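Coordinate inspection notes
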Amino acid sequence: MYRICRTAEADIGMRYYLTDTEGTGGRIKAEPEDFIVREISKRPDEKTGGRFIIAEVTTRNWETNRLVRMLSRSMGISREKIGFAGTKDKRAVTTQLMSFEAPDEALSKVDLKDISINNAYRSARDIRIGDLEGNDFNITVKDCSVRSEEISSVIDDVTAEIRSLGGFPNYFGVQRFGTSRPITHLVGEKIVRGDMRGAVDIYLSELSEHESPETTEARRMLASRSELKDALRIMPKTMSFEKIMAEHLIEHPDDDIGAISKLPPNLQMMFTHAYQSYLFNEMLSRRMEAGIPLNAPTEGDIVIPVDGGGIPIHERPSAVTSRNADLAEKQVRAGKAFITISLFGIETQTAGGKMGEIERSVIDNEKITNDDFMVPGLPHCSSKGSRREIVCPVGDIGSNVSGNNYTIKFSLPKGNYATCLLREYMKSDMMSY
C-alpha cells in the first residue's frame, strides 16, 4: 500500500505518495533563484525576412500571462502576436523560447525589470502551445526538517524507488490549481456545470488565509456585487484579472459569461483543464488505492506509444486485451509505451476493465457527462478531453547537499510537474511547493 498524503494536496486528489520515506521536509522557492527552469525546445528554422522573431526570454519572478501582457505593451503589438510553448512558474528563473510577430526594432523597446531577451532571429513559423520537448530543472530545497546527514540517505532511497518504478505518479501539481488559493478547478467545475455566476463569484471572492489583508478586503467587497466600484479602488496590482472582470460587471451586471471571456484565452482554458486535472488526480489515487500496478498494464487499460524522441503519441491509443497483454507489458517496461488515464471531456472514452470502473465511478460521482464540456458562449472553456500518462519518467537525477539544504537536478517531458517529483523527496505541506 502506498503512503497516505495527509496535507492539503489530498484535497486536489493527490492522496498518495509512491515512496514510503519520511521525507526531508523543507521548502522550495524561498527565492526565485531556488527554482531554475530551462525549456528543452526544437527551434523553428531560421529564415531571413521571416514573419516572426524567435528569441530566448529569461525572466525572474514573472507570471506568464502578465509577462505576455507587459511585453505586448512595451513592443506595441497585440497579445495574440506573442507566442510561447508553455506557462511557467512565477516564483522562478525561467528561460523559454517565445515568438513575436513584430518588426526587429520592437525588441529594443522592451525595458522591463528582470527580463532579458537573447539570441533573436527570424523564422517563418511562430511558437505555439506545446512546442517543447520538456524542461531542465535545478531546484534548491531549503530549511529541511531532518539532520544534514540524513538528507543524502532520503534522496538515495527515494531515487531508488523512482528508478524501480520507471518514474513517479504523474499527478497534476499544485500549480495547476493555485498554491496559495487552490480554486482554479472549482471555477472550472462551475463552468462545466453551467453555473457561470458561481464561477465568477469563486474567482473574485473566494478567500485564502495566505493572501494579504488588502487582497482579502478586496475579495470581501467583490463578494457583494453592489461594492464592485469600491473594490476596484483598493485592489492591489496582483488582482489584475479580477479588475478586468469587475470592470465588465460594473457595465454589464448580469453578464458573467462576458466577464469570463474578458480573461486571456489560456486562462479561460486553464479553468476547465484544472477541473479535468482534479478528476485525473482522483482517478490515479483510486488506482493506487486499489493496488492496480502503475508500471504494468492490466486488461482494459489504454496505452499509448511514444515517438523516436520519447514523446507520447496521444493520437494512437490502444486497449489492452488478453491477446496483446504480454506485448503491451513489454512495451511499457521498455519505456516505449505508457499506461493512461482519462482527461475527461467531450470526446473522451473511458478505459475498460478495473481502470474503466474507476474512471466511470469518478465521473458518475461528479454527475457530469461528456456534453458538459461543450460550454456555450465560452469556446476556450470547452475541451475535447484526452488521456494522460500515469507515470512520469525522469531524466538523470543529480543532487548536492549543503547543510540542511540541497539542490536536485533533473529533466522532465513536457506537461509534467517538477513539484510532483519534489513532493516524493520532501513530503512537506502544500504551501512549501
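Above this text you will find the structure in question.
For the structure given in this document, a descriptive report is provided here. (Residues numbered from 1 in each chain as written. Predicted model: local features only at pLDDT ≥ 70, side-chain atom pairs only at ≥ 80, totals over all residues. Heavy atoms only, no water.)

The next point concerns the overall build of the protein chain. Along the protein chain, the regular secondary structure elements total 12 helices and 16 strands. Computed over the C-alpha atoms, the radius of gyration of the protein chain is 22 Å, within 12% of the 22 Å expected from 2.2 N^0.38 for a compact globule of 433 residues. Overall size of the protein chain, expressed as C-alpha extent along the three principal axes, is 60 × 50 × 50 Å. Counting every position in the protein chain, which comprises 433 residues, the buried fraction comes to 53%. Considering only intrachain contacts with a sequence separation of at least 6, the fraction spanning at least 24 residues in the protein chain is 74%. Counting every atom, the protein chain has about 19600 Å² of accessible surface; 46% of that belongs to carbon and sulfur. (Helix = DSSP H or I, 4+ residues; strand = E, 2+ residues; numbered from the N terminus. Rg over C-alpha atoms; globule rule 2.2 N^0.38 Å. Buried < 20%, exposed > 50% of the residue type's maximum accessible area, 1.4 Å probe, protein only. Contact = heavy atoms within 4.5 Å. Areas by Shrake-Rupley, 256 points an atom, 1.4 Å probe, with all protein chains shown as cover.)

What follows deals with the packing of helix α9 (residues 265–289) against helix α11 (residues 353–366). At a minimum axis separation of 10 Å, α9 and α11 run at an interaxial angle of 135°. On the basis of their axis angle, the class for α9 and α11 is oblique. Remark: the crossing between α9 and α11 carries right-handed chirality. On α11, the residues touching Tyr275, Tyr278, Leu279, Glu282, Met283, Arg286 and Arg287 of α9 are Met355, Ile358, Glu359, Ser361, Val362, Ile363, Asn365 and Glu366. Residue classes in the contact of α9 with α11 are distributed as eight nonpolar, two polar and five charged. (Axes fitted to C-alpha atoms, helices over the stretch in contact; angles between N-to-C directions. Parallel < 35°, antiparallel > 145°, perpendicular 65-115°, else oblique. Left-handed = near helix turned anticlockwise from the far one by under 90°. Nonpolar A, V, L, I, M, F, W, Y, C, P; charged D, E, K, R; others polar.)

Now for the sheet that holds strand β13 (residues 386–389). Taken in spatial order, the four strands make up an open sheet running β11-β10-β12-β13, and their pairing is antiparallel. Each edge of the open sheet is held by one strand with a lone partner, namely β11 (318–319) and β13. Sheet topology note: the strand β10 (residues 302–305)/β11 ladder contains two bridges and is antiparallel. Bridging from a neighbouring strand, Val303 pairs with Ser318 of β11. (Pairing = 2+ DSSP bridges.)

On the surface, a cluster of positive charge is made up of Arg66, Lys90, Arg91 and Lys237. Given a relative accessible area of 37%, Arg66 falls into the partly exposed group. (Patch = residues over 30% accessible without salt bridge, like charges linked within 9 Å, V, L, I, M, F, W, Y side chains within 5 Å. Salt bridge = Lys/Arg side-chain N within 4 Å of Asp/Glu carboxyl O. Lys, Arg positive; Asp, Glu negative; His and termini not counted. Charge placed at Lys NZ, Arg CZ, Asp CG, Glu CD.)

Let us now look at the side chain of Ser72. Take Ser72: it is sitting in helix α1 (residues 64–75). With a relative accessible area of 8%, Ser72 lands in the buried category. Sequence-distant contacts of Ser72, defined by excluding residues within four places in its chain, comprise Ile77, Ser78, Arg79 and Ile82.

Moving on to the pattern of salt bridges. Charged atoms that come close allow side chains of opposite charge to pair. Counted by the stated rule, this structure contains 35 salt bridges. A salt bridge links Glu289 to Arg15, with the nearest nitrogen and oxygen atoms 3.2 Å apart. Here Glu289, found in helix α9, pairs with Arg15, found in the loop between β1 (3–4) and β2 (16–17); they are 274 residues apart in sequence, far enough to count as distant. Look at the salt bridges and you will find they share partners, linking Arg15, Glu282, Arg286 and Glu289 into a network.

Worth remembering: the numbers are spatial, not functional.
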